[in-house]
Protein chains: 4
Amino acid sequence: MPRTKIQNEQIRVQKRMQIINSALELFAQKGYHTTTIADIAKHAGIAKGLMYSYFTSKEELLHSILIEGYELITEKFDPNHDGILEPQEMLLFINDLFDKLNNDRDYWRLYFSVTLQPGVIDDYFRKEMIKKYKPLFDMIIKYFEAKGVDDPYLEMVFAHSLIDGVFINFLYDKDYPLDKIKQLVIKRLV
Amino acid sequence: MPRTKIQNEQIRVQKRMQIINSALELFAQKGYHTTTIADIAKHAGIAKGLMYSYFTSKEELLHSILIEGYELITEKFDPNHDGILEPQEMLLFINDLFDKLNNDRDYWRLYFSVTLQPGVIDDYFRKEMIKKYKPLFDMIIKYFEAKGVDDPYLEMVFAHSLIDGVFINFLYDKDYPLDKIKQLVIKRLV
Amino acid sequence: MPRTKIQNEQIRVQKRMQIINSALELFAQKGYHTTTIADIAKHAGIAKGLMYSYFTSKEELLHSILIEGYELITEKFDPNHDGILEPQEMLLFINDLFDKLNNDRDYWRLYFSVTLQPGVIDDYFRKEMIKKYKPLFDMIIKYFEAKGVDDPYLEMVFAHSLIDGVFINFLYDKDYPLDKIKQLVIKRLV
Amino acid sequence: MPRTKIQNEQIRVQKRMQIINSALELFAQKGYHTTTIADIAKHAGIAKGLMYSYFTSKEELLHSILIEGYELITEKFDPNHDGILEPQEMLLFINDLFDKLNNDRDYWRLYFSVTLQPGVIDDYFRKEMIKKYKPLFDMIIKYFEAKGVDDPYLEMVFAHSLIDGVFINFLYDKDYPLDKIKQLVIKRLV
DNA sequence: CATGAATGAGGATTCATTCAT
DNA sequence: CATGAATGAATCCTCATTCAT
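What counts as what
- Residues numbered from 1 in each chain as written.
- Chains lettered and ligands numbered in written order.
- Predicted model: local features only at pLDDT ≥ 70, side-chain atom pairs only at ≥ 80, totals over all residues.
- Heavy atoms only, no water.
- Least-squares fit on C-alpha atoms with pLDDT ≥ 70 in both.
- Contact = heavy atoms within 4.5 Å.
- Helix = DSSP H or I, 4+ residues; strand = E, 2+ residues; numbered from the N terminus.
- Buried < 20%, exposed > 50% of the residue type's maximum accessible area, 1.4 Å probe, protein only.
- Buried area = accessible area lost by both parts, 1.4 Å probe.
- Salt bridge = Lys/Arg side-chain N within 4 Å of Asp/Glu carboxyl O.
- Polar contact = N/O pair within 3.5 Å; in protein donor to acceptor, adjacent residues only side chain to side chain.
- Domains from an automatic or database assignment.
- Axes fitted to C-alpha atoms, helices over the stretch in contact; angles between N-to-C directions.
- Parallel < 35°, antiparallel > 145°, perpendicular 65-115°, else oblique.
- Left-handed = near helix turned anticlockwise from the far one by under 90°.
- Nonpolar A, V, L, I, M, F, W, Y, C, P; charged D, E, K, R; others polar.
- Phe/Tyr/Trp six-rings, centres within 6.5 Å; stacked < 30°, edge-to-face > 60°.
- Lys NZ or Arg CZ within 6 Å of the ring centre and 35° of its normal.
- Expected span 1.5 Å × (residues − 1).

**Let's talk about the relation of the copies chain C and chain D**
With an RMSD of 0.2 Å, chain C superimposes on chain D once it is rotated by 179° and translated 0.0 Å along the axis. Within this description, the copies of the chain are treated as partners about a two-fold rotation axis. It is C:Gly165 whose C-alpha, among those of chain C, lies nearest the rotation axis, at 1.7 Å. Mapped onto chain D, 100% of the interface residues of chain C are again interface residues, and the two copies thus contact each other with one and the same surface.

**A look at the environment of A:Glu86**
All names here are of chain A. Assignment of secondary structure puts Glu86 in the loop between α4 (58–74) and α5 (87–103). Glu86 sits in the partly exposed class, given a relative accessible area of 44%. Between the alpha carbons of Glu86 and Tyr143 there is a distance of 7.2 Å; along the sequence they are 57 residues apart.

**Let's talk about the interface of chain C and chain D**
Chain C puts 36 residues into the contact, and the matching count from chain D is 36 residues. Between chain C and chain D, a total of about 2,900 Å² is buried, with carbon and sulfur atoms accounting for 70% of that surface. It is C:Leu116, C:Pro118 and C:Phe158 in chain C that bury the most area against chain D; as a group they hold 21% of the surface buried on that side. Inspection of the chain C/chain D interface yields 0 salt bridges. The interface formed by chain C and chain D contains 8 residue pairs in polar contact (both at pLDDT 80 or more). The set of elements that each furnish at least two residues to the side of chain C that touches chain D consists of α1 (5–30), α6 (105–115), α8 (152–171) and α9 (178–189) of chain C.

**Things to note about the domain arrangement of chain A**
Residues and elements named next belong to chain A. Each assigned domain of chain A is listed here: domain 1 (1–56) and domain 2 (57–189). Using only C-alpha atoms to locate each centre, domain 1 and domain 2 end up separated by 27 Å. Taken together, the contacts link 18 residues of domain 1 with 16 residues of domain 2. Summed over both partners, the interface of domain 1 with domain 2 comes to about 1,500 Å²; 67% of that surface belongs to carbon and sulfur atoms. Applying the counting criterion to the domain 1 and domain 2 interface returns 1 salt bridge. For Glu68, the salt bridge identified is with Arg16, shortest N-O distance 3.0 Å. Those elements giving two or more residues to the side of domain 1 that touches domain 2 turn out to be α1 (5–30), α2 (37–44) and α3 (48–54).

**A few points about the packing of helix α6 (residues 105–115) of chain B against helix α7 (residues 123–147) of chain B**
Helix-helix packing is characterised by the crossing angle of the two axes and by the distance between the axes. Residues and elements named next belong to chain B. Two elements in contact, α6 and α7, have axes whose closest approach is 12 Å; the angle formed by their N-to-C orientations is 130°. As the angle between them shows, α6 and α7 are arranged oblique. Crossing of α6 over α7 shows left-handed handedness. Taken together, the residues of α7 that come into contact with α6 (itself represented by Tyr107, Trp108, Tyr111 and Thr115) are Arg126, Met129 and Tyr133. Among the residues making up the contact of α6 with α7, the classes are represented as 5 nonpolar, 1 polar and 1 charged.

**Details of the interface of chain A and chain B**
It is common to report an interface's size as the accessible area lost on association of the parts. On the chain B side, the residues contacting the 36 residues of chain A number 36 residues. Here chain A and chain B share an interface that buries about 2,900 Å² over both sides, 70% of which is from carbon and sulfur atoms. Broken down residue by residue, the surface that chain A buries against chain B is led by A:Leu116, A:Pro118 and A:Phe158, which jointly contribute 21%. Inspection of the region where chain A meets chain B yields 0 salt bridges. In terms of residue class, the side of chain A that touches chain B is made up of 17 nonpolar, 12 polar and 7 charged.

**Digging into the packing of aromatic side chains**
Tallying each qualifying case throughout the model produces 52 aromatic pairs over all chains. With a centroid separation of 6.3 Å and 20° between ring planes, the pair formed by B:Tyr107 and B:Tyr111 is classed as stacked. With B:Tyr107 and B:Tyr111 both in helix α6 and 4 residues apart, this pair spans about one turn of that helix. Given the relative accessible area of 3%, B:Tyr107 is considered buried. Take B:Tyr111: its relative accessible area is 14%, and that puts it in the buried class. Members of the aromatic cluster, joined through ring pairs, are A:Tyr70, A:Phe98, A:Tyr107, A:Trp108, A:Tyr111, A:Phe112, A:Tyr133, A:Phe137 and A:Phe167. A cation over a ring is seen here: A:Arg12 above A:Tyr54, with NZ or CZ 4.2 Å from the ring centre. When the ring centre of A:Phe170 is taken as reference, the NZ or CZ atom of A:Arg105 above it lies at 4.3 Å.

**Regarding the environment of A:Tyr133**
Tracing the sequence through the fold places A:Tyr133 in helix α7 (residues 123–147). Those residues in contact with A:Tyr133 that lie beyond four places of it in its chain are A:Tyr70, A:Tyr107, A:Trp108 and A:Tyr111.

**Observations regarding the side chain of D:His63**
Residues and elements named next belong to chain D. Its place among the elements puts His63 in helix α4 (residues 58–74). With a relative accessible area of 14%, His63 lands in the buried category. Among all residues touching His63, those that are not within four sequence positions of it are Ile121, Asp122 and Phe125.

**A few points about the arrangement of the chains**
Separated throughout, chain B and chain C approach each other most closely at a C-alpha pair spaced 31 Å apart. If you take every C-alpha in chain B and every C-alpha in chain D, the smallest gap between them is 11 Å, and the two do not touch.

**Some words on α4(D)**
All names here are of chain D. When the terminal C-alpha atoms of α4 are compared, their 25 Å separation across 17 residues agrees well with the 24 Å that a helix rising 1.5 Å per residue should span. Every buried residue of α4 is listed here: Lys58, Leu61, Leu62, His63, Ser64, Ile65, Leu66, Gly69, Tyr70, Ile73 and Thr74. Close packing links the buried residues of α4 with α1 (5–30), α2 (37–44), α3 (48–54), α5 (87–103), α6 (105–115) and α7 (123–147).

**Here we look at the packing of α5(A) against helix α8 (residues 152–171) of chain A**
All names here are of chain A. With their axes 11 Å apart at the nearest point, α5 and α8 run at an angle of 25° to one another. Viewed along their axes, α5 and α8 adopt a mutual orientation that is roughly parallel. Remark: the crossing between α5 and α8 carries right-handed chirality. The segment α5 lies against α8, with Leu97, Phe98, Leu101 and Asn102 engaging Ile163, Val166, Phe167, Phe170 and Leu171. Taken together, the residues of the contact of α5 with α8 break down into 8 nonpolar, 1 polar and no charged.

**Thoughts on the environment of B:Val120**
Within the secondary structure, B:Val120 is located in the loop between α6 and α7. Residues within four places of B:Val120 in sequence aside, it is in contact with B:Tyr32, B:His33, B:Glu59, B:Leu62 and B:Val114.

Here it is, written out as structure tokens:
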């Protein structure tokens, strides 16, 4: 008797996650180029070939991790869904962001390592990622508008840069004083 | 007539620079892993084998670029050499930094791409780099002390993070409003 | 209610044909090596594993196609079954042959592609095929004997070669003037 | 002291030939798909990687063999270079052709195996080969014109088909009566 | 010192075949 | 009987590095 469609679906969903998680961990720890498909398969407890039944290539695996990771991470932002951030929400937003940074360290390591490194993701994909982040940035611009900042766009760029900088320094320094820095960030931005 | 020792020395120094410059450019543009020794040799106009008479490996080549680049870039900092930055000097320092960022884009691209990417430089080397940057950071801490900031170390970390964030965003976005952002940075730090 | 034995048998025979037809089409169009079991299963609308309940391997599938195809094609030859071809019958035979060529293009493509290609069918099988064709050739030799040709065997080899040459050229050239060439063949052979 | 350019050139020309010859032999004997790069390298006495310094891929290696083989084989045709074949020359031409068939058995085996097999050479290349053979066919058409044949084009197609058929049958049957068949071919065509 | 031919370990990917369900 | 997930050997190709000249 063959497995039912539902059983197969479950297997696939679950194994897909195994692969993604293993790959994320290894990519983040060892780097994309330095991690081999064999590494990932071993870590995920599957045969090398099976990866190719879930992803067409190592590259697509990376892309899937990046995109789906982004979706997982952002799905809880802007609870009102009105696209407008109240100062209260901005605070929550930043707290949330810093929480996620802490919890999804591997994702963010991979994210920065890969976006700042030429020759890993192509331009098309880079633009796709930027497009995905666009609404977030727009929301923040509106927030600064509402706050009455001189040049809201510039302020957003500043905020974005600041947060990126905090992130990358935190990711590679286990003694980074994240909480205290967060207070400085909040003071500067909210 | 054989070349004199001095001539030979000059040739070596010059050819070494050719290799370093070619490698820097290619590493920055195509990424470290994606750039081959053949690429570099071709770009530098030398034979592949010759590279190995200047550097023992691709890895050592990268390390040399990183270290010597750092030295080139910082040799003009802190003109008084007293280790203390006056506010005036801090301004100059930041201006200088942003100038260098603009002029040595390739270096910084490589620097960030490589530091944030695991599996390229080993931990020993990472620590060496940090050690090299240490005096700079100390100077900045002292500056904030002199300025009477609450927590000078924290402020330095904040400054460092902010500047890193500005840098990486500038490096990958040709429309980045660097000058305007610089003003915001100065306002916040000086 | 379980299926009766006869129903099962019918299903098996029919599904077997589905597989053979799909494989024939794909082998002929894409080549034996380039066609995967997955391709065939998909085209036949069955699961990959099922193929192995009808054929022990990809190779055996190919052999079955070749042999059964031959039988299908030749079962109508020599209607008198006396092994002697009258000139009238020779004409019919050639006409028949050319008709079959037109109708079973896929089979012939596969046949030639596979016979002329080393490393696909083993020598044992090659000889089996030749053995199968033997009676046909003998019949033709007898025909030339009866016709009073000098060297009937040689004439058969000539005929065989000529027809093979016509076939392969026709199979790969959609503008091949098959009918006109057939007349030349008849003029030369009958 | 590095090798001189000329030395290198010699090495490359010679080694290229080694590779081509090994590949031709193996492709012809074992088939294109069944022959691995490792096989070829071993047979040619070189490391696997070296092949890729001479040919960009297995496919390009095959193409080179096919094209250069054709050139080697045809370079002596039509000695007058006037594009017109006298009956005397037609005789020589056919004799020549049959000689070549005998001497370059591997080439012809490969040629037929590969042209009649889908999925090995792409359509672009197939057309290139046909284009290369075009002048030959034109010459033969002119010959039949001069001879006063009814439909010279058709006669050329017939000749071409006949010769192809003779070739493939000879190539796979060591008892093929090539010389006697040649006489029949000459009788029919000249 | 300089060259580039040569090496071969290593890595991504494919696919016939097996087997648990 | 039927499914398709899983396996892993096999294959093409790359590239840092070596070395004869």
